[in-house]
Amino acid sequence: MDSSSLTCKRLTLITVLAVLIQVFGLALFVLGFFPVKPALSGFSGVESFYPPGGDSAEFQNTTNLSDSQLKYLYQELSLVPPLFDRLILMVIDGLPAEFVLGKDGEPPAKDFKDAMPYTQSLLSKGRAIGYHAKAAPPTVTMPRLKAMVSGAVGGFLDVAFNFNTQALLDDNIIVQFLKVGWKIVMHGDETWLKLFPGMFSRHDGVSSFFVKDTVQVDQNVSRHLVDELSRADWSFLILHYLGLDHVGHLGGRNSVLMAPKLGEMDEVIKTIDLNSLPTNNNDQGRTLLLVVSDHGMTESGNHGGSSFEETDSLALFIGPTTFGSTSGTPNKANQADLASTLSLLFGVPIPKNNVGMLMAETFKSLTVDQQLRLLELNSWQLLRLLEAQLPGLVCENFLCDDFRDDGSERTSSLEETFCCLYMKAADLHRSWKSGEEKSCHSILVAYHNFLRTASEWLSHRATDKPVGQLIFGVAAILVSCLILLSLLFLLAKQVFSEQNQQFSSANNDPSWWHLDEIFILVVIIIVVISMGSSSLVEEEQYIWHFMTSSLYLLSLRKVMQQNTSNYIQICSIFVILISGRFLRGWHQGGVNWTHLPDISKWLEQAGSSYIKLFQLVSGNLLISISLVSLLWSRKLKKNFVTVVALMHLFPGLLVLHYITKYQDVAFSTGSYDATLMAQLIYAVLGFCSTSIVGSVPWWIPLQNRTLSVHQRKAWGLCFRDSAYVIGLSYVYYWSLLQLMLQQPINSMPVLFLFLQVLASIWHSSGSNQHLRQWVEVAALYYMGMAGHFGLGNTNTLATIDVAGAFVGVLNHSTILSGILMFIITYASPMLYLLSMVMYSSASGFVISQKGDFGSLLRRTLGFPCLIPLGLNSILLIAYTIVLLLMRNHLFVWSVFSPKFLYVCATTVCVCLGVSVVASTVIYICLVLAYREKLQTHTD
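Residues numbered from 1 in each chain as written. Predicted model: local features only at pLDDT ≥ 70, side-chain atom pairs only at ≥ 80, totals over all residues. Heavy atoms only, no water.

Named according to an unreviewed UniProt entry, the chain is GPI ethanolamine phosphate transferase 2 C-terminal domain-containing protein originating from Anisodus acutangulus. The record held by UniProt for the chain lists under Sequence similarities (unreviewed entry) the comment "Belongs to the PIGG/PIGN/PIGO family. PIGG subfamily." Looking at the chain in UniProt, the text filed under Pathway (unreviewed entry) is "Glycolipid biosynthesis; glycosylphosphatidylinositol-anchor biosynthesis." (UniProt positions renumbered as here; feature names shortened; annotations may be inferred.)

The following block contains the structure:
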């Protein structure tokens, strides 16, 4: 396609087509790379108590058995009597195990240890066994509950399904307990009700997403406690407490509310233990209290990633007597081990898709024969799962005489390794039964070697990915990228050709490449190269901060080299650099250096009063600067400016009122008024922004009617003023929204982002050098990415601000909370994309010399839309290829996959932002063209 044939209509249609191809390819890749993990269908039964490979016809038919008959059959086949009769599962959401068990051999922090005296006494007496139960990423509630009850490790996209939980159809201990006649009662997180609909005899669910509630959400559980403990009509009681997780989201690990909340949980444990002890001497049987957490939390109280702080979950077994374990140190296990352990403790089949191994310390009170029998049952279950996932696993085909499990012999296949490890344990066990083997220790070691090896492989096994689908998805994204880059090249060629006709000076020859233009391309190359390093992915913020600052230092050098210095440009660049430095030092982002001091930590240590002061200062400066900026467009009528100023002032005052009176109570009980106030602000912001967008193009005065026809068509100044006011309103209202939604500590960074946007526009409008638009637009895009990290975001899921996603949400809505979460996370990129409307006003005067409507749109929208789409497409295709190549990398789920989710979300952000910019500019042009047509007819 020749550049001269690139009309506005053709440019728009091809761009839309390229975006659709990109979305299609991305969807193919995501669905192929993150499939639902394969699972065995059906539920375990009597076959669980027989070796794999047995004839199913030999198994006893259990179809006509009652619940009690099936229960006794399981006990008879198990050969091991259940250690307990009733189970109380107490889930303390978000509790790190180190709060109870300590870390690295050290006891818990004094405040936390003192807050839980009863629990600590149980551990010291040996009545409790504590585990650091490592949770697999993503560390969010729903997939972690699935792992506990099914023993299976879920897919990575469970982090998305966490907000829209569906029923669990795989085999799990809930179903197994129901099959033997257990009555199950649940109080707490309603996620259980969504995972297991219709399976509870009684229940009282509470929403897990109202993180502003730290009190009532737990009281709604504890109010049932005494009554349930006095009843004998249940066998399994589930209590899921959410308050501690909410405390973490609101104030982090060191919140002043953390120790009192731990004390509250300790009282619950004490109440359960004291009330369940008497039941151990009557017909209600022996009761096991199992205290678990679904995940831990970072220092800031968030979770979702794979750091030790987030995966360090608790498993605390509390029985009526000691467990017989002599180990005084906390044990380590995987969270998925809970399913097999509970199944064996209560004499039911292990779920089919379990990848865990039993927690041996809980079975120390059993005889050696009984312990070996349980290890045998666990081994049979894992062997069946291995056979299903490795079709070549037929142990009769392998000779294991020269096999050694210490790695000193020849390299063995996976199938041979698993078979030989299992057969060694099975042979030793048979020798023990026949009396030939005298030492039980070697048998225990052999079983544990097989269980550990099989469990680790099954847990970390990458699911089979449809390579053809992945390649097709990559190809579609690549085609989209090439189309967008081709459009950029043709547009640049056309624009530069027109500039060559307008400017003959060699110094301004657009065909020359300048240093800042080369640097723009260098930044992209560096970012693409860094994507292959897990460490650079974790610390990506350093690249964007450094490159953005360097780019504007080059711009400053270029301005200073001009014969006549432009002081507006010089001042604007200094504003950008100084604001960027504050943003860089506000948060120590990433993963490895978050412990280092930064401005936000200093403010938090100074106290909430200082943070509140910074919020009010930021809000007042934001309002003042926006009102002053309205005077920038000097052609506007006084009455018009007054109306727009009032529409800026009123929502700004509402936000200040909210910060002053309601923000502190927005995350506590009795926050109904705060919620209504937030909803009022949403409505006012929506009304004001819509009104300004809809009315401003109609209010801007057209050129004087005495001018020539050619001059009246050149209404670039009218477009400039309309785009400036609407763009300023977009940026201002978005910043006000962020002041309300972001954490209070981020109020000043929001102001710095607003200042950077205005300074960028001043820099562009103050230029008399006819600079290339693509450089200025790319610089805005880079600042948006640097600002994204400046607000404390990283490439881990743990830094997503869940708390702000429920500001103004009265009744839980997954869609509304998801939208708010997206708005908070992508505050900076979206801010700079919205500023493209304002930027088009700065470049509008250059194109006002041509009266052609299509030319105006092409020149105004071409670079502000194509540059973000093109840059994002380069990063998207590059990282998609990196992820494909790294699909078997050790850090694929902990580092590369979370980053890919951010890349996908950034793509959505760019598409939405570009759509808003394009729609706004087209609307302005259409209104002005219509008004001009009416004026021409009137003349």
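Asks: Sorry if this is basic, but what is going on with empty space enclosed by the protein here?
Replies: Leftover empty space is mapped by rolling, across the atoms, a probe with the size of a water molecule. Summed over all chains, the structure comprises twelve cavities of 30 Å³ or more. Approximately 150 Å³ is the volume attributed to the second largest cavity. Forming the walls of the second largest cavity are 16 residues, and the residues nearest its centre are Glu540, Met785, Lys899, Val903 and Thr906. Elements represented by at least two residues in the lining of the second largest cavity include exactly α22 (540–560), α31 (773–790), α34 (853–885) and α35 (892–938). Taken together, the residues of the lining of the second largest cavity sort by class into ten nonpolar, four polar and two charged. (1 Å grid on protein atoms, 1.4 Å probe; cavity = no way out; pocket = protein on both sides within 12 Å on 5 of 7 lines; lining within 4 Å. Points joined across faces, edges and corners; volume = space filled by probe spheres on them. Helix = DSSP H or I, 4+ residues; strand = E, 2+ residues; numbered from the N terminus. Nonpolar A, V, L, I, M, F, W, Y, C, P; charged D, E, K, R; others polar.)

Asks: How should I be thinking about the packing of aromatic side chains in this particular structure?
Replies: Given two aromatic rings, their pairing is described by the distance between the two centres and the angle made by the two planes. In total, this model carries 24 aromatic pairs according to the counting rule given. With 4.1 Å between their ring centres and 35° between their planes, Phe99 and Phe112 make a pair best called tilted. Of the two residues, Phe99 sits in helix α3 (residues 98–101) while Phe112 sits in helix α4 (residues 110–115), which places them 13 residues apart along the sequence. Each of the two residues, Phe99 as well as Phe112, counts as buried. Summarising the aromatic geometry, the rings of Tyr879 and Phe900 are spaced 6.4 Å apart at their centres and angled 20° between planes, so their arrangement reads as stacked. (Phe/Tyr/Trp six-rings, centres within 6.5 Å; stacked < 30°, edge-to-face > 60°. Buried < 20%, exposed > 50% of the residue type's maximum accessible area, 1.4 Å probe, protein only.)

Asks: Would you explain the side chain of Thr548 in this entry?
Replies: As for its placement among the helices and strands, Thr548 is situated in helix α22. By relative accessible area, Thr548 is classed as buried at 7%. Dropping the residues within four chain positions of it, Thr548 is found in contact with Tyr782, Met783 and Ala786. (Contact = heavy atoms within 4.5 Å.)

Asks: Looking at this structure, I do not really get the sheet that holds strand β4 (residues 202–206). What am I missing?
Replies: Strand pairing in a sheet is mediated by backbone hydrogen bonds. Such pairs are either parallel or antiparallel. Read across the open sheet, the eight strands follow the order β4-β3-β5-β1-β6-β7-β2-β8; overall the sheet is mixed. In the strand order of this sheet, the two ends are held by β4 and β8 (331–334), each with one partner. Across the sheet, the mean angle separating the axes of adjacent strands is 15° when strand polarity is ignored. Taken together, the six bridges between strand β1 (residues 86–92) and strand β5 (residues 236–241) define a ladder with parallel strand orientation. Considered in β5, the bridge of Met90 is made with Leu239. (Pairing = 2+ DSSP bridges. Axes fitted to C-alpha atoms, helices over the stretch in contact; angles between N-to-C directions.)

Asks: Could you clarify how one ought to interpret the environment of Phe650 in this entry?
Replies: Within the element layout of this structure, Phe650 appears in helix α26 (residues 638–662). Taking the C-alpha atoms as reference points, Phe650 and Cys688, separated by 38 residues in sequence, lie 9.4 Å from one another.

Asks: Just checking my understanding: could you explain helix α27 (residues 672–699) for this structure?
Replies: The periodicity of an α-helix, 3.6 residues per turn, causes residues three or four positions apart to be oriented the same way. Between its terminal C-alpha atoms α27 stretches 40 Å, which fits the 40 Å expected from 28 residues at 1.5 Å a residue. Its axis deflected by about 30° at Val693, α27 carries its strongest bend there, up to four residues before the proline Pro697. (Expected span 1.5 Å × (residues − 1). Bend = angle between axes of the 7 residues up to and from the residue.)

Asks: What's the story with the pairing of β1 in this structure? I'm lost.
Replies: The side chains of a regular strand alternate between both faces of the sheet. Across the seven residues of β1, seven count as buried, placing the element largely inside the fold. Residues Arg86, Ile88, Met90 and Ile92 line one face of β1 and the alternating positions Leu87, Leu89 and Val91 line the opposite face, and both faces are buried.

Asks: Looking at this structure, how should I read the nonpolar core?
Replies: The tendency in soluble globular proteins is for nonpolar side chains to be buried side by side. Counting 170 residues, the largest nonpolar core has Trp544, Tyr782, Phe863 and Phe900 as the members making the most contacts within it. Leaving out residues up to four positions away in the same chain, Phe863 has contacts with Leu488, Leu491, Ala492, Val495, Gln773, Trp774, Val777 and Pro868. By size, the runner-up hydrophobic cluster in this structure holds 87 residues, among which are Leu89, Leu344, Leu421 and Ala454. (Core = buried A, V, L, I, M, F, W, Y, C linked by side-chain atoms within 4.5 Å.)

Asks: I tried to follow the packing of helix α30 (residues 747–765) against α31 on my own but got confused; where do I start?
Replies: Two quantities define a packed helix pair, namely the angle between the helix axes and the distance between the axes. Relative to each other, α30 and α31 sit at 170°, their axes nearing to 11 Å. Relative to α31, the element α30 lies roughly antiparallel. On α31, the residues that touch Leu753, Gln756, Ser760 and Ser764 of α30 are Glu776, Leu780, Met783 and Gly787. Along the lines of polarity and charge, the residues of the contact of α30 with α31 split into three nonpolar, four polar and one charged. (Parallel < 35°, antiparallel > 145°, perpendicular 65-115°, else oblique.)

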